[in-house]
Amino acid sequence: MGPGVRRDDRFVSLTMTNLNTLRASLDAIHARIAKAARDSGRKADAAELVAVTKSQPPEAIREALAAGQCRFGENRVGEAKLKWNLLKPEFPDATLHLIGPLQTNKVPDAVALFDVIETVDRDRLARALASEMDRSGRRPDCLVQVNTGEEPQKGGVLPGDAEGLVRLCRDLGLPLRGLMCIPPVGEPPAPHFALLAEMARRHGLGWLSMGMSGDFETAIALGATHVRIGTAIFGRRA
Ligand SMILES: *Cc1c(COP(=O)(O)O)cnc(C)c1O
């Protein structure tokens, strides 16, 4: 064999190693999700994994897709559009969640690309989404993001204003499924998850997107239906 062929072999085996590593970490996360659900008296499949691929290159996402993962989260519309315009035609069954802030001028792109928009947090955005859905005929599922820690720099509607926003989403006919939160860094997350679960119950909403790499088991114990996990699958982001 010539040197060129050797190089190819090495490339193939390297890719296989990455794929096996990724498969192993996905399997481990799935096992932890199922155990957390069972330990809290829920069905093993009560919480779905949203693999967070923000800042990950398309090759890493392609490996996760090859490993059987089909639900993904991205936090920036522009970045997601660049990566997923390549991947969507290849993997039409992939389900994409927007988990970052949404500006109203990006609403047409977001409605065209995402299957779930988790960050509905103000009246103006709800109205823009409703009119774009009417215009385009695409109707991604929506979650209201609640700023449970009332942090000024963070997106999300304040807990006291959530009821009004939920009512507006329903009046506008948005496909509203549930609530989402990101607890403050450095605080125990459990009270935030419990508050979000209580609010969802009160409003008759079934989906609860809460829990990340460091706290998803706690979130599942408190009722999460979707956990958003990046680092624990892909390693630290660049
Ligand atoms: C980045 C991000 C995550 C994933 O965080 P990890 O700690 O890497 O698991 C989850 N949710 C949101 C909204 C994020 O921006």
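Residues numbered from 1 in each chain as written. Predicted model: local features only at pLDDT ≥ 70, side-chain atom pairs only at ≥ 80, totals over all residues. Heavy atoms only, no water.

**Q** It is not clear to me how the overall build of the chain should be interpreted in this structure. Could you clarify?
**A** The secondary structure content of the chain amounts to nine helices and eight strands. Rg of the C-alpha trace for the chain: 19 Å, near the compact-globule value of 18 Å for 238 residues, within the 12% margin. For the chain, the spread of C-alpha atoms along the three principal axes comes to 70 × 45 × 30 Å. By sequence separation, contacts in the chain at least 24 residues apart represent 59% of the contacts at least 6 residues apart. Roughly 11800 Å² of accessible area belongs to the chain as shown, and the carbon and sulfur atoms make up 53% of that amount. For the chain, the distance from the average position of its 32 positive side-chain charges to the average position of its 29 negative side-chain charges is 2 Å. (Helix = DSSP H or I, 4+ residues; strand = E, 2+ residues; numbered from the N terminus. Rg over C-alpha atoms; globule rule 2.2 N^0.38 Å. Contact = heavy atoms within 4.5 Å. Areas by Shrake-Rupley, 256 points an atom, 1.4 Å probe, with all protein chains shown as cover. Lys, Arg positive; Asp, Glu negative; His and termini not counted. Charge placed at Lys NZ, Arg CZ, Asp CG, Glu CD.)

**Q** What should I look at first to understand the site of the ligand in this one?
**A** In the vicinity of the ligand, the contacting residues are Val 52, Lys 54, Ile 99, Ile 182, Met 212, Ser 213, Arg 228, Ile 229, Gly 230, Thr 231 and Arg 237. The separation between an oxygen atom of the ligand and a polar side-chain atom of Lys 54 is 2.6 Å. At 2.3 Å from an oxygen atom of the ligand is found a side-chain nitrogen or oxygen belonging to Thr 231. Its residues assigned to classes, the shell around the ligand comprises five nonpolar, three polar and three charged. (Near = heavy atom within 4 Å. Polar contact = N/O pair within 3.5 Å; in protein donor to acceptor, adjacent residues only side chain to side chain. Nonpolar A, V, L, I, M, F, W, Y, C, P; charged D, E, K, R; others polar.)

**Q** How do you make sense of the packing of aromatic side chains when you look at a structure like this?
**A** Two aromatic rings, taken as a pair, are described by how far apart their centres are and by the angle between their planes. Taken as a whole and assessed by the stated rule, the structure comprises one aromatic pair. Judged by centre distance (5.2 Å) and plane angle (50°), the rings of Phe 72 and Trp 84 are tilted. On the criterion of sequence distance, the pair formed by Phe 72 in strand E2 (residues 71-74) and Trp 84 in helix H3 (residues 77-87) is long-range, its members being 12 residues apart. Across this residue pair, the class does not change: Phe 72 and Trp 84 are buried. (Phe/Tyr/Trp six-rings, centres within 6.5 Å; stacked < 30°, edge-to-face > 60°. Buried < 20%, exposed > 50% of the residue type's maximum accessible area, 1.4 Å probe, protein only.)

**Q** What exactly am I supposed to notice about the environment of Val 146 here?
**A** Residue position: Val 146 is located in the loop between strand E5 (141-145) and helix H6 (159-172). Along the chain, Val 146 and Leu 208 lie 62 residues apart, while their C-alpha atoms are 11 Å from each other. Excluding anything up to four places from it in sequence, Val 146 contacts Gly 156, Val 157, Pro 159, Ala 162, Leu 179, Met 180, Cys 181, Leu 196 and Met 199.

**Q** Sorry, what's going on with H6 here?
**A** Each full turn of the α-helix corresponds to 3.6 residues, which orients residues three or four apart in the same direction. With 14 residues, H6 extends 20 Å from end C-alpha to end C-alpha; this agrees with the ideal 20 Å at 1.5 Å per step. Listed in full, the buried residues belonging to H6 are Ala 162, Leu 165, Val 166, Leu 168 and Cys 169. For H6, the angular spread of buried residues about the axis comes to 165°, placing them on one side. Away from its buried face, by an angle of more than 90 degrees, H6 presents the exposed residues Gly 160 and Asp 171. Those residues of H6 that are buried are in contact with strand E4 (116-120), helix H5 (123-136), E5, strand E6 (176-180) and helix H7 (190-202). Phi for Gly 173, located one or two positions after H6, is positive at around 80°. (Expected span 1.5 Å × (residues − 1). Arc of directions from axis to C-beta.)

**Q** How do you make sense of the packing of helix H2 (residues 58-66) against H3 when you look at a structure like this?
**A** The geometry of a pair of packed helices is captured by two quantities: the angle between their axes and the separation between those axes. Following both chains from N to C, one finds H2 and H3 inclined at 50°, their axes separated by 10 Å at the closest point. Taken together, the axis directions place H2 and H3 in an arrangement best described as oblique. Seen from above, H2 lies across H3 with right-handed handedness. Residue-level contacts link Pro 58, Ile 61, Arg 62 and Leu 65 of H2 to Lys 83, Trp 84 and Leu 87 of H3. Residue composition of the contact of H2 with H3, by class: five nonpolar, no polar and two charged. (Axes fitted to C-alpha atoms, helices over the stretch in contact; angles between N-to-C directions. Parallel < 35°, antiparallel > 145°, perpendicular 65-115°, else oblique. Left-handed = near helix turned anticlockwise from the far one by under 90°.)

**Q** Would you explain the confidence of the model for the chain in this entry?
**A** Detailed reading of the predicted coordinates is not advisable wherever pLDDT is low. Looking at the chain, pLDDT values average 93 and 93% of them are 70 or higher. With pLDDT under 50 throughout, residues 1-11 is counted as low confidence; its partners more than four residues away or in other chains account for one contact. (pLDDT = per-residue confidence, 0-100.)

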